[in-house]
Amino acid sequence: MKSKKILKIAIGVFLLATLVYIFSGIKGKKQPNYTTEFKADAKGVEFTTWAQDKKNQKIRKALKLKCSEQVKESEDKTSMKNIDAVIFKNGRMNKDIKVFGDQGFTENNYRNFFLEKNARIVSQDFIVTSENFTLKDLAELSSASHVYFQTEVLNGTASSGMNFYLDLNTIKFFDAIGTYKRNNRKFSYRCSVLWFIEKD
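The rules behind these values
Numbers given for residues are sequential positions, taken from 1 along each chain in its written order. Per-residue local features of the predicted model are confined to residues with pLDDT of at least 70, and side-chain atom pairs are confined, for both listing and counting, to 80 or more; whole-chain, interface and lining totals are unaffected and use all residues. As a rule here, side-chain values come from all non-hydrogen atoms in the structure, and water together with hydrogens is ignored. A score from 0 to 100, pLDDT tells how confident the predictor is in each residue. Only DSSP runs of H or I with at least four residues qualify as helices, and only runs of E with at least two residues qualify as strands; both kinds are numbered from the N terminus onward. Two residues form a contact once any of their heavy atoms are found within 4.5 Å. Cavity and pocket criteria rest on a 1 Å grid covering protein atoms alone: a 1.4 Å probe that fits but cannot get out defines a cavity, protein on both sides within 12 Å along at least 5 of 7 lines defines an open pocket, and an atom within 4 Å of a point defines a lining residue. Grid points are joined across faces, edges and corners, and a volume is the space filled by probe spheres set on the points. Put simply, Ala, Val, Leu, Ile, Met, Phe, Trp, Tyr, Cys and Pro go in the nonpolar bin, Asp, Glu, Lys and Arg in the charged bin, and everything else, Gly too, in the polar bin. Pairing of aromatic side chains requires ring centres within 6.5 Å, counting the rings of Phe and Tyr and the six-membered ring of Trp. Pairs whose planes differ by under 30 degrees are stacked, by over 60 edge-to-face, and all others tilted. Here the term buried applies to any residue with accessible area under 20% of the maximum for its type, exposed to any over 50%, and partly exposed to those in between, with areas from a 1.4 Å probe on protein chains only. For a lysine, the NZ atom is tested; for an arginine, the CZ atom; a charge sits over a ring if that atom is within 6 Å of the ring centre and within 35 degrees of the ring normal.

A. Molecular detail of the confidence of the model for the protein. Predicted confidence across the protein gives a mean pLDDT of 80, with 74% of residues reaching 70 or more. Confidence, expressed as mean pLDDT per element, reaches its minimum in the protein at helix H1 (residues 2-30) with 42 and its maximum at strand E12 (residues 162-165) with 95. Across residues 2-32, confidence stays below pLDDT 50; counting only partners more than four residues off in sequence or on other chains, it has zero contacts.

So, in structure tokens, the structure goes:
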């Protein structure tokens, strides 16, 4: 009888521990590794997203997004006008970049956004313009539309769009054509894929 009682207690403790593990795991999954602050005034609305750094696990400022007006379309989608955003440097990025658009929307707690009309990406080293850009998970900026790009030595267009891998500080242009300068001379180029990798 005593051994059966001990067995029942052991089973009960095991089941309780299992339930605690399951529920703590579920609770842990619901807790995001980012937060968003919200401010509004007469000039418009401002959102600041804080994210966990992949390298040192510290919380850092990841994105600041301003707009003149917003309309909440669903629980996780907000449309906006006159978007002005800053993506703060992370990974191999050596500078913050700015992104602009006349209109668009955000999703995934402001980790994703789509903007269009006068859409442009601006850095100290380059400018990229297109009909639209999409930011996914604060990690990749892309466009499937025709894009125009300009740097100090490289200019051109990419008829099949681009991908900008933010953590790697690398841009990939598709079906690119343009010119570049070297030793005070200008050369023409055409290629199916053009990689633009900024130096640290």
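B. Molecular detail of empty space enclosed by the protein. Tallying each qualifying case throughout the model produces one cavity of 30 Å³ or more. The volume enclosed by the largest cavity comes to roughly 40 Å³. Lining of the largest cavity is provided by Arg60, Ala62, Ile87, Phe88, Asn90, Met93, Leu138, Leu166 and Asp167. Grouping the amino acids of the lining of the largest cavity by side-chain chemistry returns six nonpolar, one polar and two charged.

C. Quick look at the environment of Lys172. Structurally, the position occupied by Lys172 is in strand E13 (residues 170-182). Between the C-alpha atom of Lys172 and that of Ser142, which follows or precedes it by 30 residues, the distance is 9.3 Å. Other than its neighbours up to four places away in sequence, Lys172 contacts Gly161, Met162, Asn163, Tyr165, Val193, Leu194 and Trp195.

D. Quick look at the packing of aromatic side chains. Per the counting criterion, the structure on display carries six aromatic pairs. Aromatic pair Phe126 and Phe196: ring centres 5.8 Å apart, planes at 80°, arrangement edge-to-face. Of this pair, Phe126 sits in strand E8 (residues 126-136) while Phe196 sits in strand E14 (residues 185-197), placing them 70 residues apart in sequence. In this pair, the class of Phe126 matches that of Phe196, namely buried. Arranged with centres 4.0 Å apart and planes meeting at 25°, the rings of Phe149 and Phe173 form a pair that is stacked. Of this pair, Phe149 sits in strand E10 (residues 147-151) while Phe173 sits in strand E13; the two residues are 24 residues apart in sequence, bridging distant segments of the chain. With a relative accessible area of 6%, Phe149 lands in the buried category. Aromatic ring contacts, followed pair by pair, group Phe126, Phe164 and Phe196 into a single cluster. Sitting above the plane of the Phe105 ring, Lys77 keeps its charged end 4.4 Å from the centroid.

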